[in-house]
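Results of the structural survey
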Amino acid sequence: MLYDSYKWWQKTVVYQIYPRSFKDSTGNGIGDIKGIIEKLDYLQDLGIETIWFSPFFESPQQDYGYDVSDFRQIEPNYGSMNDFDKLLKEMHNRNLKIVLDLVLNHTSIKHPWFIESASSKDNPKRDWYIWRDGKKPGGRKPPNNWKAIPGSPAWLYYENTDQWVYFHFLPFQPDLNYRNPEVKEEMFDTIRFWLDKGVDGFRLDILHGIYEDESLRDNPITWLLYSEEKAAYNFQYHKYDLNLPETFSFTLELREIMDEYKPERLLVGEVTGSIEELKKYYGPNNNGLNMVFLFEYTSIALKFKPKKISKDISRIEKNLPIPYTPTYVYGNHDRDRYISLLNNNTQKAKLLATMQLTLRGVPYIYYGEEIGMANVKLKLKASKDPIGRKFAKFPYPQLTKLLGIFVSRDVCRTPMQWSGETNAGFSPNKNVEPWLKVSENYKKVNVEKEEKDPRSILNCYKRLLKVREENLTLQIGEFEFINLEKLNKKCIAYRRIHNKQVVYIYLNFSDKEILLKTPKKEPNLIFSTLSNRKALDPKEYNRNLKLTPYEGIIFK
Ligand code: GLC
């Protein structure tokens, strides 16, 4: 099947910026919008098209912007509305698309709406949040057994009104009540406010939690501590607080707003569940979200087992065939840096990047991945991330391993490494201490150094992005596995096809050299993870195509 007509967002590459850590222009140790503008030329040269910004709306920064106190203002830490308008203009002048991070699910406790809502039971904003009596008798126990993502009960008691308020994430982030039409209208107007300014789309923060069961039924219990596929965490199946039918319908309403605008806008959802469940977010006729993050792939790919990876890609292809758009992600501001999960093996990282940028779907690159930035170990007690402080009492490394999920998210949020200068060139002020410590490896791993080295990860990403840009087949072509029989345990091979154009991708996941049959008589090599391999040797035609350890190649 082919895309009858393809949209910009189906073939785009997204780059995620965590504004606090990208580039400080003022010298106060915190990244800002002006700093981002300074680096737009770098991003354009890298070859990405779309930038998703973690939130820079007004916020007390208890969760660094995921706790919003005004959805229509820019947080002064990051700049002003004028700076934002300039960013948008500068991006559009360069044909870059801008995607904002919308936290529809909750606000900060410091949002004026919540302050009003918490003040008394008869305040007009009371019903903007989810307030309930505690369990009888006495009311001193939470209304039901729901757990918040980081582990505690999902309810906070307010003595002044003797009621509990519901929160899906952290206690200072109470959930908005979307069963109240006023809330919906206000948030839809907020979306229009940013669309009117010209933004190209939104990443929707924990969208799966927009609605919860109205009668607050208890979630079923399980022995599972965490399962992406089963939407289980903290020993509960999140049957009544996640992925409700009302939330799926909500995506159709969001799409309708987007469709008021031309050209098309992008909606990508952060959601948890099996791929069969997640498909519902695309709408019954692909008329909901444009795409959702598929984090199951992330965990599987980083285990580096080709057979398992192929199986997962097959599932994705089966559930989200053309014209659906899958996503391929290795990291974000909540996860370990992917190269750290590969024991800092740069060959493996280049191989996974080759796969990510040649599969059918939209790749999301988290800032710093393109230079191989790694996790930075920081003391949990001093964690800036509130979740890290919560876990400070536990034995950190063992626990992370056990859980396989984030403990302190500081590890992946350290300042971007631009150069070998003090503070990795992140801040113009050499005496300032950046809000998070710069990685000790910045003299080795930085943009300036890697730009000069043809073998660097950065130059590998650049070459990949260029090959993708030059070959429409890699952007929108159909996907088909090539069966390598006995080698399937060591390699993954597939082709992409568009209008009779075929592009082949061969990836060697083993540490041994491998000889393969080629499907073409005289393959034309257009990319290898080895920077000095420019063409195939005629001796390699037919049956002797050589793949060195962890090498990935693309040919036509
Ligand atoms: C999402 C964000 C995370 C944030 C949370 C609460 O999971 O990715 O960073 O803390 O939602 O908004």
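The structure displayed is predicted, hence computed values, not measured ones.

Attention now moves to the overall build of the protein. On a plain count of helices and strands, the protein comes out with 16 helices and 23 strands. Taken over C-alpha atoms, the radius of gyration comes to 24 Å for the protein, in line with the 24 Å a tight globule of 556 residues would show. Dimensions of the protein, computed from the C-alpha atoms along their principal axes, are close to 80 × 55 × 50 Å. With 556 residues in all, the protein has 61% of them scored as buried. The long-range fraction of contacts in the protein, counting pairs at least 24 apart against all pairs at least 6 apart in sequence, stands at 68%. Working note: accessible area of the protein is about 22800 Å², and carbon and sulfur atoms make up 50% of it. In the protein, the 83 positive side-chain charges and the 73 negative ones have mean positions that sit 8 Å from each other.

On to the domain arrangement of the protein, then. For the protein, the assigned domains are domain 1 (112-166) and domain 2 (478-555). Centre-to-centre separation of domain 1 and domain 2, based on C-alpha positions: 58 Å.

To continue, consider a nonpolar patch on the surface. Together, L225, Y226 and F235 make up a nonpolar patch on the protein surface, roughly 240 Å² of accessible area in all. Summarising the element assignment, F235 is placed in the loop between β11 (232-233) and β12 (236-237). The class of F235 is partly exposed, set by a relative accessible area of 39%.

The next subject is the sheet that holds strand β19 (residues 501-508). Taken together, the five strands give an open sheet; going across it, the order is β17-β18-β19-β23-β21, and neighbouring strands pair in antiparallel fashion. In the strand order of this sheet, the two ends are held by β17 (478-481) and β21 (525-528), each with one partner. Going from strand to strand, the sheet's axes swing by 20° on average, the running direction of each strand aside. In the sheet, β19 pairs with strand β23 (residues 552-555) via four bridges, with the strands oriented antiparallel.

What follows covers the pattern of salt bridges. With the rule as written, the count across this model stands at 36 salt bridges. A salt bridge links R192 to D189, with the nearest nitrogen and oxygen atoms 3.4 Å apart. Of this pair, R192 and D189 both sit in helix α5 (residues 181-197), three residues apart, roughly one helical turn. For D189, a relative accessible area of 34% puts it in the partly exposed group.

Once that is clear, we can look at helix α4 (residues 112-119). Side chains three or four residues apart in an α-helix point the same way, a direct result of the helix having 3.6 residues per turn. Looking only at α4, the buried set comprises W113, F114, S117 and A118. For α4, the arc enclosing every buried residue in end-on projection is 120°, short of the 170-degree limit, so these residues lie on one face. Buried residues belonging to α4 abut β4 (70-74), β6 (131-132), β7 (155-158), β8 (163-166) and α5.

Turning to the packing of aromatic side chains, a few remarks are in order. As enumerated under the stated definition, the model contains 42 aromatic pairs in all. The interplanar angle of 25° and the centroid separation of 5.9 Å between the aromatic rings of Y297 and Y330 together place this pair among those described as stacked. Placement of Y297 in helix α8 (residues 295-302) and of Y330 in the loop between β15 (327-329) and α10 (338-341) is noted, with a sequence separation of 33 residues between them. One exposure class covers both Y297 and Y330, and it is buried.

Taking 1.5 Å per residue, 14 residues should reach 20 Å; helix α9 (residues 306-319) reaches 20 Å between its end C-alpha atoms and fits that length. Among the residues making up α9, those that are buried are P306, I309, S310, D312, I313, I316, E317 and N319. Of the surrounding secondary structure, the elements contacted by the buried residues of α9 are α7 (275-278), α8, β15, α11 (346-356), β17 and β18 (491-498).

In the vicinity of the ligand, 13 residues are found, and the nearest of them are D63, D205, H333, D334 and R409. Between an oxygen atom of the ligand and a side-chain N or O atom of D205, the distance comes to 2.7 Å. One of the side-chain nitrogen or oxygen atoms of H333 is found 2.8 Å away from an oxygen atom of the ligand. For the ligand, whose unbound accessible area comes to 310 Å², protein coverage reaches 98%. A class-by-class count of the residues in the shell around the ligand yields three nonpolar, three polar and seven charged.

What follows concerns the confidence of the model for the protein. Predicted confidence across the protein gives a mean pLDDT of 94, with 97% of residues reaching 70 or more. Within the protein, the element-level pLDDT minimum falls on helix α13 (residues 396-403), averaging 55, and the maximum on strand β1 (residues 14-17), averaging 99.

Two quantities define a packed helix pair, namely the angle between the helix axes and the distance between the axes. Across the interface, helix α3 (residues 81-93) lies against α5 with an axial gap of 11 Å and an inter-helix angle of 55°. With respect to α5, the axis of α3 lies oblique. Along the contact surface, α3 presents M81, F84, D85 and L88, while α5 presents F193, W194 and K197. Taken together, the residues of the contact of α3 with α5 break down into five nonpolar, no polar and two charged.

To continue, consider the environment of R360. Take R360: it is sitting in the loop between α11 and β16 (362-366). Sequence spacing of R360 and R496 is 136 residues, and the spatial spacing of their C-alpha atoms is 8.0 Å. Looking at R360, its side chain comes within polar contact range of the side chain of E317, at 3.1 Å. Polar side-chain contacts of R360 include one of 2.5 Å to the backbone oxygen of L320.

What follows deals with the sheet that holds β7. Strand order in the open sheet formed by three strands is β6-β8-β7, with antiparallel pairing between adjacent strands. Two strands bound the open sheet, and with one partner strand each, they are β6 and β7. As paired strands, β7 and β8 are joined by four bridges and run antiparallel to one another. Across the sheet, residue Y158 finds its bridge partner in β8, namely Q163.

The buried count for β18 comes to seven of eight residues, which makes it a mostly enclosed element. Looking at chain direction, β17 and β18 are connected through four bridges and run antiparallel. In the strand pairing of β18, F479 is matched with R496. Direction of pairing for β18 relative to β19: antiparallel, over a ladder of eight bridges. Within β19, the residue paired with C491 across the bridge is N508.

Thresholds, definitions, all that
- Residues numbered from 1 in each chain as written.
- Predicted model: local features only at pLDDT ≥ 70, side-chain atom pairs only at ≥ 80, totals over all residues.
- Heavy atoms only, no water.
- Helix = DSSP H or I, 4+ residues; strand = E, 2+ residues; numbered from the N terminus.
- Rg over C-alpha atoms; globule rule 2.2 N^0.38 Å.
- Buried < 20%, exposed > 50% of the residue type's maximum accessible area, 1.4 Å probe, protein only.
- Contact = heavy atoms within 4.5 Å.
- Areas by Shrake-Rupley, 256 points an atom, 1.4 Å probe, with all protein chains shown as cover.
- Lys, Arg positive; Asp, Glu negative; His and termini not counted.
- Charge placed at Lys NZ, Arg CZ, Asp CG, Glu CD.
- Domains from an automatic or database assignment.
- Patch = residues over 30% accessible without salt bridge, like charges linked within 9 Å, V, L, I, M, F, W, Y side chains within 5 Å.
- Salt bridge = Lys/Arg side-chain N within 4 Å of Asp/Glu carboxyl O.
- Pairing = 2+ DSSP bridges.
- Axes fitted to C-alpha atoms, helices over the stretch in contact; angles between N-to-C directions.
- Arc of directions from axis to C-beta.
- Phe/Tyr/Trp six-rings, centres within 6.5 Å; stacked < 30°, edge-to-face > 60°.
- Expected span 1.5 Å × (residues − 1).
- Near = heavy atom within 4 Å.
- Polar contact = N/O pair within 3.5 Å; in protein donor to acceptor, adjacent residues only side chain to side chain.
- Nonpolar A, V, L, I, M, F, W, Y, C, P; charged D, E, K, R; others polar.
- pLDDT = per-residue confidence, 0-100.
- Parallel < 35°, antiparallel > 145°, perpendicular 65-115°, else oblique.

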